[in-house]
Each structure stands twice: as C-alpha cells, then as structure tokens.
Amino acid sequence: MAAGYLDILRARHAARLLTGTLVGRLPNGTAPIAIVLFTRAEGGSYALAGALAAVYGLGTAVGQPLLGRAVDLYGQPRVQLPAAVLSALGMVLLAVAGLGSLPLAYAAVAVAGVATPPLEGGLRALWPSVLGSEDRVHRAYAMDAVAQEVMFTVGPLLVTVLVSLWSPAAALLVINAIGVLGALSVVLSEPSRAWRSAPREAHWLGALRSPGLLALLGSFFFIGLALGSITVAGVAYADDHGRESVYGWLMAALGLGALIGGAVYGARQWSGPPERRLRVIVALLALGYLPLILTPGVVAMTVLAAVAGVFLAPAIACSFIVVDRHAPRGTVTEAFSWLVTTFGVGAAAGTAVAGPAVELGGTAWSFAVAGAGGVAALLVLLATGKVLAAPGHSAVAVRGSENDRNGAVEPGFSSGHQA
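The structure contained in this document is the topic of the report that follows. (Residues numbered from 1 in each chain as written. Predicted model: local features only at pLDDT ≥ 70, side-chain atom pairs only at ≥ 80, totals over all residues. Heavy atoms only, no water.)

1. Observations regarding the overall build of the protein chain
Here's step 1: Looking only at helices and strands, the protein chain has 18 helices and 0 strands in total.
Here's step 2: The long-range share in the protein chain, meaning contacts at least 24 apart out of those at least 6 apart in sequence, stands at 83%.
Here's step 3: In the form shown here, the protein chain has an accessible surface area of approximately 15400 Å², with 69% of it arising from carbon and sulfur atoms. (Helix = DSSP H or I, 4+ residues; strand = E, 2+ residues; numbered from the N terminus. Contact = heavy atoms within 4.5 Å. Areas by Shrake-Rupley, 256 points an atom, 1.4 Å probe, with all protein chains shown as cover.)

This is the structure in structure tokens:
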C-alpha cells in the first residue's frame, strides 16, 4: 500500500503539487465549520449559521465551473492565484465586520465562495503530465482522495484549536492566509505554469453536454447534501452534550474513516467498469449514514461517524475515473470543477435543511437528512445505469503535447477509457 503511494510522491513535482493543493483548499474544506462556529460565537442562530454556510456553498457552486472553464482557456496561474486572494478577502471581511450587517455578511461569504480557486480540478489536470502512466494516475486519484481526508480530519481540529486559543474570527483569518500560500505554491510550480488544456469543441454547455457526467453529478449532489447536513447536525449534537470539542472529534472521526477507506481502496488494482463499482461503493456509503440517526453517547457516536466515513474517499476516487471517462475533450478542469460544484450545491442544501430540522425535530432529524441524502445518491446511480455505462467520447492522443489532459500520456494510454 505505502510503496505505491511513495512511488507517486517520489515523482518530480508530485509532493509539492499535492501538498500545495491541499493547503490551498484548506479554507474551502473548513469553511462550513468555521462559518458555523463564527456565527454561533456572534450570537447567531443555527438557522442563520446554516444559511450563511449555504450561501458560501452556493457561491462555490457558481464559481467553480466558471473558474474551471477559465483555467482550461487561459491556464492555471492567471486564474488560481487571483481567485485565492479574492476568496480570502471575502472571509477577512466577514471576520472583521461580523454579523452587525447581515447583507454585508452574506455578501462576504458569497464572494469567498464564488472566488474559491479550482485547485482540486487543477491538480487532476496535472497528474498525467507529472506521472506519465495510467496506473500511476489512477493510484494518484486514490491518494488524492486519501490526502483530502487528512485535510478534512486535521482541518476541523485545527479550526477548533484556533478558536480555543484565540477566537472564531482569528480562525477565519489564519486559515485563509494559509490557503493563499498553498495556492501560490501550486501556481509557481513548473507543471502548473506549463500546462495547457487540449483543444476543445466550442459549445456553450461545455462539460455539461455529457449525459454520463450529468448522471454522476446528480448522484454527488445528494452525497454533498448528506455531508452538509452532518456539518450542522454535528454542532447540534455537540451542544446537546455541552462540549464544543465534541464537534471537532466527530468531524475528525468522519475524516479518519474516509482516510482508512481510501487507503485500502487505492492499495489494489480494480477490474470491471468503474461505474458499476461506484454503485456498490455508494450503496455502502448510504448504509453507513443511516445509524447516525440513533445519536448515542459520545464514544459510540464517534465510532459511528468513523464507520460512516469509510466509503467516502473510495466513492470520490472512483468518481474521478468516471469523470475522466465521460468529460468531453478539452473540458477536464471544468468537468472536475462541476463535481466540486455538486458537492457545493448539495452541501448548501444540506446545511440549509439541517438547520431548521434541528430546531423543529432535534438533532436526530438533522442526521436523518444525511441518511436520506445517501439513499437518494444511490437511487440516481441505479436510475441512470444505462447512461453511465456508455462513455460519451473517445480520448485521442494529441502528439507533442505532454500537458494534454485528455490525451494519451504514453503509447496505448487512453485516459478516457479503461476497464
């Protein structure tokens, strides 16, 4: 298991790109908890906290595909760094202005969300030119998903530590300053500066003209809804037990479970269509969310959170391959950004629904939103099986361009089609 990941990290630029992307995405990965804790510290209600987090998620949903398309057209440095700075400034405005003016607070989180740089899609666009073979790229997808879970494990703990040492406002400032430094590290790297997207067919729908991609996005909307609802439900559960730190432990357990699941998933070679494998993984993911409704004691709940997270990273890693198979030529960053967008929209819906659910029916109701989201994600995949079974494009190598994300990176490597 470790040998395969070490092989990837030893590749030139790989460790820097992975680390820089994770650090650069820290503000986005911790925004829900940071916004919720900041709002509660300022005296805001659960509903307001959920609404602000939802606006941030919706802003991300709007900005990611637009910025992803801009990256495909103009390259990474011209888009990623300015976006990271603007997003950080939005969070700085929220931290400084507080909730005294709600329109200003909503505007601040909206700007921060819209300007979130598409670092996640950008990294996946760089892997083929950095790693050079199909097996290594697919292993990098799994490692990428595992590394994300490290961030989602450490991130909530980092936020709660910063809140304990200073304040929720200070946590917002520090996290976003770190994020800008991560983005800077990525865009100054040689692969990022040299990368160019494959030639693309002009079409106003861009990546969304792929029916298979649309089916995948529909499913991942509901996975995002489940995760977004857990963000609010976890805070309510911590309040029920009188300890703010419980929230950080629940989120860390969720991330730890995903980390373990992703590491195991990436350690072996998988055969058969990834679309079929994804249905099985999402079924197990949905099954893991349902027991959270029981809301037992803190120790048992932490264990349930870890179990609920086990199949998250495998689902994400498998979805990367499915995106690769269905994204139209020349739209790879945009396609991956749409995947991020579905998480943003789904998480926004989840936080928006879970907040009122807590106030109407208690903590268990908000966890029920997560269970329903997991089941709905599975139903979408089952209903669209025929569409997902037929990738909508044939990846053709563009000779002489090693940065062609959708082309072959070595003879016989078709990034769009493999069993």
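2. As for the pattern of salt bridges
Between side chains of opposite charge, pairing is possible as soon as their charged atoms come close.
Here's step 1: Within this structure, the stated rule accounts for 8 salt bridges.
Here's step 2: Between Arg-25 and Glu-120 there is a salt bridge whose closest N-O contact spans 3.2 Å. Here Arg-25, found in the loop between helix H2 (14-24) and helix H3 (26-41), pairs with Glu-120, found in helix H7 (residues 119-131); they are 95 residues apart in sequence, far enough to count as distant. Taken individually, Arg-25 and Glu-120 each receive the classification buried, so the pair is uniform in this respect.
Here's step 3: When the shortest N-O distance is used, the salt bridge between Glu-334 and Arg-69 registers 2.9 Å. (Salt bridge = Lys/Arg side-chain N within 4 Å of Asp/Glu carboxyl O. Buried < 20%, exposed > 50% of the residue type's maximum accessible area, 1.4 Å probe, protein only.)

3. A word on unusual backbone geometry
Here's step 1: Notably, His-13 is not glycine yet its phi reads approximately 80°, a positive angle.
Here's step 2: Its location among the elements puts His-13 in the loop between helix H1 (2-9) and H2.
Here's step 3: In this structure, Thr-295 is a non-glycine residue whose phi angle is positive, near 40°.
Here's step 4: Here Thr-295 is to be found in the loop between helix H13 (274-289) and helix H14 (298-309).

4. Considering a nonpolar patch on the surface
Here's step 1: Residues Val-280, Leu-284, Leu-287, Leu-290, Ile-293, Val-375, Leu-379 and Leu-382 make up a contiguous nonpolar surface patch of about 670 Å² in total accessible area.
Here's step 2: Of all the secondary structure elements, the ones that give two or more residues to the nonpolar patch are H13 and helix H17 (363-383).
Here's step 3: Mapped onto the elements of the fold, Leu-382 is located in helix H17.
Here's step 4: Residue classification places Leu-382 among the exposed positions, given a relative accessible area of 52%. (Patch = residues over 30% accessible without salt bridge, like charges linked within 9 Å, V, L, I, M, F, W, Y side chains within 5 Å.)

5. A few points about helix H15 (residues 312-326)
Here's step 1: In this model, H15 (15 residues) spans 21 Å end to end at C-alpha, consistent with the 21 Å of a helix rising 1.5 Å per residue.
Here's step 2: H15 sits mainly inside the fold: 15 of its 15 residues count as buried. (Expected span 1.5 Å × (residues − 1).)

6. Focus: the side chain of Ser-210
Here's step 1: Within the element layout of this structure, Ser-210 appears in the loop between helix H10 (190-194) and helix H11 (211-240).
Here's step 2: The contacts of Ser-210, once residues within four sequence positions are left out, are His-326 and Pro-328.

7. Comments concerning the packing of helix H12 (residues 245-266) against H14
Here's step 1: In contact at an axis separation of 6 Å, H12 and H14 are set at 35° when each is read in the N-to-C sense. In terms of crossing hand, the pair formed by H12 and H14 is right-handed. Contacts between H12 and H14 involve Val-246, Trp-249, Leu-250, Ala-253, Leu-254, Gly-257 and Ala-258 on the former and, on the latter, Val-298, Met-301, Thr-302, Ala-305, Ala-306, Ala-308 and Gly-309.
Here's step 2: Grouping the constituent residues of the contact of H12 with H14 by class yields 11 nonpolar, 3 polar and no charged. (Axes fitted to C-alpha atoms, helices over the stretch in contact; angles between N-to-C directions. Left-handed = near helix turned anticlockwise from the far one by under 90°. Nonpolar A, V, L, I, M, F, W, Y, C, P; charged D, E, K, R; others polar.)

8. Topic: the nonpolar core
Here's step 1: One finds Trp-127, Ile-223, Leu-278 and Tyr-289 to be the most contacted residues of the largest nonpolar core, which totals 117 residues.
Here's step 2: Once residues within four sequence positions are removed from consideration, Tyr-289 is found in contact with Ala-226, Leu-227, Ile-230, Ala-308, Leu-312, Ala-370, Gly-371 and Gly-374. (Core = buried A, V, L, I, M, F, W, Y, C linked by side-chain atoms within 4.5 Å.)

9. Concerning the side chain of Thr-160
Here's step 1: By the secondary structure assignment, Thr-160 is in helix H8 (residues 134-165).
Here's step 2: Sequence-distant contacts of Thr-160, that is, excluding residues within four places in its chain, are made with Ile-33, Leu-37 and Gly-248.

10. Some thoughts on the packing of aromatic side chains
Here's step 1: Summed over the entire model, instances satisfying the criterion amount to 5 aromatic pairs.
Here's step 2: Ring plane angle 85° and centroid distance 4.9 Å describe the contact between Phe-221 and Phe-222, whose orientation is recorded as edge-to-face.
Here's step 3: Looking at Phe-222, the relative accessible area reads 24%, which means it is partly exposed.
Here's step 4: Both rings, one in Phe-320 and one in Phe-336, keep their centres 6.0 Å apart while their planes meet at 80°; by these two values the pair is edge-to-face. Residue Phe-320 is located in helix H15, and its partner Phe-336 is located in helix H16 (residues 332-361); the two are separated by 16 residues in the primary sequence.
Here's step 5: Relative accessible area serves as the criterion here: at 0%, Phe-320 is assigned to the buried category. (Phe/Tyr/Trp six-rings, centres within 6.5 Å; stacked < 30°, edge-to-face > 60°.)

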